Amino acid sequence: MRPPLTSGMLPPWHPDWVFCRTTLTELAGRWPENKWRLGVNLATPCAIAVEARPKNRRAWLSADARSGGPPAQSTR
């Protein structure tokens with residue numbers, strides 16, 4: 001699993017890079033049990049590490065449900 005980037009931290013387009021959209025629910029569902037922190041936006045000025053124990057992942061599910069999910073993608 002690769003560390004996630006929020007949409008505002010994605011680098012400029014590069015022909016050899018692929019990014020996949022995910023949600024907190026998807027991350028919580030496939031999180032390895034032996035990893036207790038999630039690094040978001042690593043190597044950026046907005047980097048943060050959040051707790052990823054089971055009780056924290058339940059909070060991720062709740063936050064994702066309240067958020068309504070990611071915004072719809074533009075099809076320009």
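Structural data are supplied above this passage.
Rules and cut-offs
- Residues numbered from 1 in each chain as written.
- Predicted model: local features only at pLDDT ≥ 70, side-chain atom pairs only at ≥ 80, totals over all residues.
- Heavy atoms only, no water.
- Phe/Tyr/Trp six-rings, centres within 6.5 Å; stacked < 30°, edge-to-face > 60°.
- Helix = DSSP H or I, 4+ residues; strand = E, 2+ residues; numbered from the N terminus.
- Expected span 1.5 Å × (residues − 1).
- Buried < 20%, exposed > 50% of the residue type's maximum accessible area, 1.4 Å probe, protein only.
- Arc of directions from axis to C-beta.
- Contact = heavy atoms within 4.5 Å.

## Quick notes on the packing of aromatic side chains
What describes a pair of aromatic rings is the distance from one ring centre to the other and the angle between the planes of the rings. Inspection of every chain in the model, using the stated rule, returns one aromatic pair. Ring geometry for W31 and W60: centres 5.7 Å apart, planes at 85°, overall edge-to-face. Placement of W31 in the loop between α1 (24-29) and β1 (37-40) and of W60 in helix α2 (residues 54-67) is noted, with a sequence separation of 29 residues between them.

## Focus: α2
Over its 14 residues, α2 extends 20 Å from the first C-alpha to the last, a length consistent with the 20 Å expected when each residue adds 1.5 Å. When α2 is considered as a whole, its buried residues turn out to be N56, R57, W60 and D64. Relative to the axis of α2, the buried residues are bounded by an arc of 100° and lie together on one face. What points out from α2, more than 90 degrees from its buried face, is the exposed set K55, R58, A65 and R66. Buried positions along α2 lie against α1, β1 and β2 (48-51). Remark: G68 follows α2 within two positions and exhibits a positive phi of approximately 80°.

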